[in-house]
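Observations on the model geometry
If you want the building blocks of each chain, they are given just below.
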Number of protein chains: 2
Amino acid sequence: MISIDRSSQTADLGDVRVANRAVVLRHVRTHAPCSRADVAARTGLNKATVSSLVGELIEHGLLRETGLTENRVGRPATMLVLDGSRYVGLGLRIGADELVVVAADLAGERLLTWRRAFAAATAGPPETVRALAALTRRAVTRVTGAGRTVLGLTVGVPGLVDADGAVPAAPALGWHGVPLAADLRRALRDPGFPVGVDTDANLAVSAELRHGPYAGTADLVHLSGGLTVGAGLVSGGRLLRGGRGFAGEIAHLLVHPGGPACHCGRHGCLAAVAGVDAVVRRLLPDVAADGPVTDYLPEIERIQALARAGDAPVRDGLAEVGRHLGYAVSVLVDLLDPEVVVVGGHLAALAPWLLPAARDEIAARTSGPPATVRLEASALGSAASALGGATAALATVEAGQLPVACPLDRTGPGCQPR
Amino acid sequence: MISIDRSSQTADLGDVRVANRAVVLRHVRTHAPCSRADVAARTGLNKATVSSLVGELIEHGLLRETGLTENRVGRPATMLVLDGSRYVGLGLRIGADELVVVAADLAGERLLTWRRAFAAATAGPPETVRALAALTRRAVTRVTGAGRTVLGLTVGVPGLVDADGAVPAAPALGWHGVPLAADLRRALRDPGFPVGVDTDANLAVSAELRHGPYAGTADLVHLSGGLTVGAGLVSGGRLLRGGRGFAGEIAHLLVHPGGPACHCGRHGCLAAVAGVDAVVRRLLPDVAADGPVTDYLPEIERIQALARAGDAPVRDGLAEVGRHLGYAVSVLVDLLDPEVVVVGGHLAALAPWLLPAARDEIAARTSGPPATVRLEASALGSAASALGGATAALATVEAGQLPVACPLDRTGPGCQPR
């Protein structure tokens, strides 16, 4: 259904066509292969409109005919599927100890997932931008070499991101006032596709909305686990951004009065209890003595091995972190009433020992009706936010805007050289 | 602009008409008096469409012609205004020590605001329903006696409200599992208009969105102050309800470790620190000795008088409550990034002594860019949520749905007797 924004603009026919284009794409995405007649019948659009839209979408390389015909009464009908072969979105992620790039097509297929070990907190913004640009160029070369067109790129950052794609603050990386989108565009020398930036948590929750077991959940939270802990918030099917785009900051929620010191100056903040650096240092004291950690994966694996082997201090430590995490989740549940809360990053890796304690804490804290929220580990892996970035780049097309790119005869202004 | 819901339904012409009807109504509401030509010029709709819609809206008693004509070049034009005279929405509120009923028309004019001293926590659900029904009948009689039609009624409750208008839990009133909407409908003997229930906080924030200095703010929170403290959350222009409709619970956020005992069994919850009963008992120790309070207004006035007179313990006590309130607000600000947070109820009455300390706490807690959120007292008075209830009843009309009520010749099925 159409819902109306709070503005004075009217429903003119151009908007209606964009809306209907989105409906056709969405229908084919979920019901492919299907015929034009199927689309008309299931969406309520008349057949002439469907034919016109489908023709347009085929011309722009968003749909294609498979040549299959159904067995049905009457004339055989040509079946339609999304054309995954044309357009690709790229997503990058600045992780605690790595950079990740994912390329995905309109059908949601991941074409590549590459990781490069990289400690952005140590390297600093200019070096990180250079590394992101290099990774991007390699991915673009691979993708265009296979005949595809990059529609856009979105970078996920563990910090605040403003409306211009700049990072006012990412304490986890030691960054302040970094014009990331502009710097990356410059480093890529005007790449010919849009470059955006969003928070790790927002991109991860967007990925959960599209892929995996909780796809389509209207009220969903993703808690991203990394150097910081951020929340991607979906309510009524929409990502919440807030007035300045800074929604989802939960790192400094007081979860453990008198607990560990936080870099912000206070004690017992969620990030100081459950961030990856805090967890590693607390459970592996030898690591703390060695100085800054630049590669967390081996340490997380060590913690997993100890926990599996039944190491009591590690299991107790994880349970305690789980209880504090459970308090934080209960605050989110009380405030936003999500159906599902998904944890990612190292929180997903350690979920078997964190989440039982967290769920107990949530159940104990409910003063109203019993909590029905599901608290689960993300099934999307640590590339969730990069996958979200890749599909963010595709979102405008899915909303019914035709790509400012190449028609099939490659005469458009957005055409990239093969 | 049109935004697309996550469903397969298409933009058919009926929806377009509903959308355009809403645009015309909204334009007239904000620019009255104005002519049909003005509406067409400012909204982009063509003149024939505007004429047709305006005719329909006049016939249904939503717009009327004033007979005034502008001084302008060319033919004089008849001016349009909202027709406030026909439809009325009713809002009820179950407060800490009173029941409130507000009647408001489409133009936002309050036709009546009545209060009845009533301690719902002491009286219990059946008695409260009887009292609400009696108050409603008096208001309906007044309103229909003046020739108007009641479009709907919404009751505000300080507790959880589910999708059926039942109250699973309102610990502030000692209520559990109260089918309030159904009970009230029964008590009103099928009143011929819809009866809804929502939380106090949701209705109050809806009222802030329509009326007063923060009307139209896209990212706004209202903290309702009463026996409990609830949050009405607006993000991206939409009220957040959550999966079960239970969003906005903030009463048990830990704000003061080791602080006062809460009825939920824990200590230092926001409601136990800043709820009206907690504040009154803490600042007026003689009240605590007297047993249950059934009328908070005199106590709040006494606190105001002492604070104005510079009473140090009262001022210090209010500042401490303000600091804890500031922490709670900072959690909301970090999570939702609102532009404005408005406090209502007794929190508004005590704002001059609460909010400075709260603002200091917010400013001290910001770890990223400086907090730009405005924290203010509601200008709408303690009837804010009842006003919100009255306009909730009018919302479907404003969204462009024609009322299921009387055309001017009074031949429709929804016609109430004069």
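Small disclaimer: the values here were computed from a predicted structure and weren't measured.

Each value, and the rule that gives it
Residues numbered from 1 in each chain as written. Chains lettered and ligands numbered in written order. Predicted model: local features only at pLDDT ≥ 70, side-chain atom pairs only at ≥ 80, totals over all residues. Heavy atoms only, no water. Phe/Tyr/Trp six-rings, centres within 6.5 Å; stacked < 30°, edge-to-face > 60°. Lys NZ or Arg CZ within 6 Å of the ring centre and 35° of its normal. UniProt positions renumbered as here; feature names shortened; annotations may be inferred. Helix = DSSP H or I, 4+ residues; strand = E, 2+ residues; numbered from the N terminus. Buried < 20%, exposed > 50% of the residue type's maximum accessible area, 1.4 Å probe, protein only. Contact = heavy atoms within 4.5 Å. Core = buried A, V, L, I, M, F, W, Y, C linked by side-chain atoms within 4.5 Å. Pairing = 2+ DSSP bridges.

**Brief notes about the packing of aromatic side chains**
Residue and element names in this part refer to chain A.
- The tally for this structure, following the rule as stated, stands at zero aromatic pairs over all chains.
- In this structure, Arg-86 packs its charged tip against the face of Tyr-87, placed 5.4 Å from the ring centre.
- One Lys or Arg, Arg-138, reaches over the ring of Trp-114 and ends 4.6 Å from the middle of that ring.

**As for the UniProt feature "domain: HTH iclR-type" (unreviewed entry) in chain A**
- Per the UniProt annotation, the sites labelled "domain: HTH iclR-type" (unreviewed entry) are residues 24-65 of chain A.
- Counted over residues 24-65 of chain A, helix gives 69% and strand 12%. Its end C-alpha atoms are 14 Å apart.

**Describing helix H15 (residues 384-392) of chain B**
Residue and element names in this part refer to chain B.
- Counted residue by residue, H15 has eight buried out of nine residues, so it is predominantly covered.
- Within H15, the full set of buried residues consists of Ala-384, Ser-385, Ala-386, Leu-387, Gly-388, Gly-389, Ala-390 and Thr-391.
- Tucked inside the fold, the buried residues of H15 contact strand E5 (87-94), strand E6 (98-105), strand E7 (110-117), strand E8 (149-157), helix H7 (200-210) and helix H16 (395-398).

**Observations regarding the nonpolar core**
- Membership of the largest hydrophobic core comes to 98 residues, with the highest contact counts inside it found for A:Leu223, A:Leu253, B:Leu223 and B:Leu253.
- Non-local contacts of A:Leu253, meaning those with residues more than four positions away in its chain, are made with A:Gly268, A:Cys269, A:Leu270, A:Tyr327, A:Ala328, A:Val331, B:Leu253, B:Tyr327 and B:Val331.

**Let's talk about the pairing of strand E13 (residues 229-235) of chain B**
All names here are of chain B.
- Counting buried positions along E13 yields seven of seven residues, so the element is predominantly enclosed.
- Burial along E13 is two-sided: the face carrying Val-229, Ala-231, Leu-233 and Ser-235 and the face carrying Gly-230, Gly-232 and Val-234 are both buried.
- Relative to E13, strand E12 (residues 220-225) is paired through six bridges, and the arrangement is antiparallel. For Gly-225, the partnering residue across the bridge sits in E13 and is Val-229.
- Linking E12 back to E13 in an antiparallel pair, the connection comprises three residues.
- Bridge count between E13 and strand E14 (residues 238-239): two bridges; the pairing is antiparallel. Counted as the bridge partner of Val-234 is Leu-239 from E14.
- Following E13, the chain reverses through two residues before pairing antiparallel with E14; Gly-236 in that reversal takes a positive phi of roughly 60°.

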